[in-house]
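Chain by chain, the residues:
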Amino acid sequence: MLFTESESAVLAFPAEEVTAVYNPTLGAVYAEGRDFRLEQGGRVLRRLPGSTMPFLTRERLYPSPERAVLFPDEGANAIGSASGSPTGLVCFDRADFFARHQVSIDYRTRAPFPAIPAADPAKLPKTRKCLCEKKLLDIAFIGDSITDGWNSTEKVGVAPGQAPWPGLVTERLSRRTSCRMVNGAVSGSGSASGVEHLEACCREFPPALLFIAYGMNDLSHLSEEGFGRNISRIVDAGLAKNPDMEFVLVSQMSGNPEWDLTPAGKDTVFARKLRQIAEDGGARLAYAPVNELWHALIAGKRFLDVTGNGVNHPNDYGHRIYAAAAASVWD
């Protein structure tokens, strides 16, 4: 979570006991009663006066045009096209700024964890057979900058060095069988580039299991139908490469609601289309419910608590949400 000058932040679930508050990037640990206090039935963590916990001022959250270094300039601290902002700009960083300013909280709660839909045993039969027989599984990931790894701490090169979601998924699969993996994601790309990205992956090997994860860069300009057509073209191109290929259609997180290029609600529209394509596509297509799990876990929280760059990337916590949803299709 991230503290602002209001000095309070909302937890995802009511905490009975906070066991640790820390910032792994800074190597800092914070103490209850000195740095923070739990309030409002365990739903709010309040930053206390004199605390060393990081926080952001309103001026940093909404930079003035006079003080802003705008993306894509080197050292950018702001990005435009933010009609929800009082200055037209919002805080942005392509590296470790949010990792240094967000705080991790471990706590005990009695609240139920949002349920991830059970895997459909009829989906991905060849992948399941490979896992059962412990045969080599060739996997590939295509997508945008989130799938490329931004802003996981491994990608930006700071502690704790957590891998992005494709690495986390590959690690989970590797516990079941041996894997070869290629990540063909390209930052800044959209679903229209998916066939090209698949072609690049196939130069390494034609995957048996392909994760398709686009959407964030399509939100502002592509219709639900156009997005669906692009995804279907990728599936058709994959089957032309390998008639036995299976696919996981990965839905997406939401973006900053104050940024015009990530309009609120459009992520859910795209998720609905992916779910429909997977349902209509038979056994070879599975749907990874990132979008549903994302919204369930951040309900009542601010986007700034879970972003890695301020507008359209997850932090480490968000990458774990992606990995959990993606792995749910066979677990």
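Just above, that's the structure.
Everything numeric here is computed off the predicted structure, so don't read it as measured data.

> How should I be thinking about the packing of aromatic side chains in this particular structure?
We describe a pair of aromatic rings using the distance from one ring centre to the other and the angle between the two ring planes. This model, assessed by the stated rule, comprises nine aromatic pairs. Seen in terms of ring centroids, F97 and F98 are 5.4 Å apart; in terms of plane orientation they differ by 85°. Their pairing is edge-to-face. Look at F98 and you get buried, because its relative accessible area is 0%. Note that R60 overlies the ring of F97, its terminal NZ or CZ placed 4.3 Å from the centroid.

> Looking at this structure, how should I read the sheet that holds strand β13 (residues 285–288)?
Two strands in a sheet stick together by hydrogen bonds in their backbones, pointing the same way (parallel) or opposite ways (antiparallel). Spatially, β10-β9-β11-β12-β13 is the arrangement adopted by the five strands of the open sheet, whose pairing is parallel. Each edge of the open sheet carries a strand with a single partner, namely β10 (179–183) and β13. Taking the axes of each pair of neighbouring strands and ignoring which way they run, one obtains an average angle of 20° across the sheet. Pairing of strand β11 (residues 209–213) with strand β12 (residues 246–250), which is carried by four bridges, proceeds in the parallel orientation. From the neighbouring strand, F211 faces β12, where its bridge partner is V248. Across the sheet, helix α6 (residues 165–174) lies against β9 (137–143), β10, β11 and β12, angled at about 165° from β9, the strand it touches most.

> Just checking my understanding: could you explain the nonpolar core for this structure?
Proteins that are soluble and globular tend to have nonpolar side chains buried together. In this structure, W165, F211 and I212 are the most contacted members of the largest nonpolar core, which totals 65 residues. It is helix α11 (residues 316–327) that contributes the most residues to this core, six residues altogether. The next biggest cluster of nonpolar side chains, apart from the first, holds 15 residues, and it includes L2, I79, C91 and L304.

Definitions and limits used
- Residues numbered from 1 in each chain as written.
- Predicted model: local features only at pLDDT ≥ 70, side-chain atom pairs only at ≥ 80, totals over all residues.
- Heavy atoms only, no water.
- Phe/Tyr/Trp six-rings, centres within 6.5 Å; stacked < 30°, edge-to-face > 60°.
- Buried < 20%, exposed > 50% of the residue type's maximum accessible area, 1.4 Å probe, protein only.
- Lys NZ or Arg CZ within 6 Å of the ring centre and 35° of its normal.
- Pairing = 2+ DSSP bridges.
- Helix = DSSP H or I, 4+ residues; strand = E, 2+ residues; numbered from the N terminus.
- Axes fitted to C-alpha atoms, helices over the stretch in contact; angles between N-to-C directions.
- Contact = heavy atoms within 4.5 Å.
- Core = buried A, V, L, I, M, F, W, Y, C linked by side-chain atoms within 4.5 Å.

Interpretation in functional terms is not warranted from these geometric data alone.
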